Amino acid sequence: VEELEQERLATITLTPDASSIGHPLSQFALKAIGVRDASFRRSSGQVVSLDAHPVLEDGDALVLSGMPESLALAEELLLRG
């Protein structure tokens, strides 16, 4: 199996200029592009429940699972809109 055909994990940390800051994570419909949320932490280290529909903040770290192309698209959506 080629490496590009395997699911992987990716961590995306939101920077101050990320276009997703101030928006709920659910707004980005990551499942629709083939990405699953694995973990969500605030910059303080606090783990946030994804069921709470968190609003994204500077420094948030999201661990996502999916195929490489889907993860790249998710990163683009979350950081640059």
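Residues numbered from 1 in each chain as written. Predicted model: local features only at pLDDT ≥ 70, side-chain atom pairs only at ≥ 80, totals over all residues. Heavy atoms only, no water.

**Topic: the layout of surface pockets**
One number sums up the size of the largest pocket: a volume of about 180 Å³. What lines the largest pocket is simply L25, S26, A29, L30, K31, V35, D37, L50, H53 and P54. Here the lining of the largest pocket is composed, by residue class, of six nonpolar, two polar and two charged. (1 Å grid on protein atoms, 1.4 Å probe; cavity = no way out; pocket = protein on both sides within 12 Å on 5 of 7 lines; lining within 4 Å. Points joined across faces, edges and corners; volume = space filled by probe spheres on them. Nonpolar A, V, L, I, M, F, W, Y, C, P; charged D, E, K, R; others polar.)

**Considerations on the pattern of salt bridges**
In this structure the tally under the stated criterion is four salt bridges. One salt bridge connects R42 with E57, and the closest N-O pair in it is separated by 3.7 Å. Highlighted residues: R42 in the loop between β2 (35-41) and β3 (61-66) and E57 in the loop between β2 and β3, separated in sequence by 15 residues. We classify R42 as buried; its relative accessible area is 15%. Exposure remark for E57: the relative accessible area of 41% places this residue in the partly exposed category. Between E76 and R80 there is a salt bridge; the shortest N-O distance is 3.0 Å. Of this pair, E76 and R80 both sit in helix α1 (residues 68-80), separated by four residues, roughly a single helical turn. Residue classification places E76 among the partly exposed residues on the basis of a relative accessible area of 36%. We classify R80 as exposed; its relative accessible area is 53%. One connected set of salt bridges, linked through shared partners, spans R42, E57 and D60. (Salt bridge = Lys/Arg side-chain N within 4 Å of Asp/Glu carboxyl O. Helix = DSSP H or I, 4+ residues; strand = E, 2+ residues; numbered from the N terminus. Buried < 20%, exposed > 50% of the residue type's maximum accessible area, 1.4 Å probe, protein only.)

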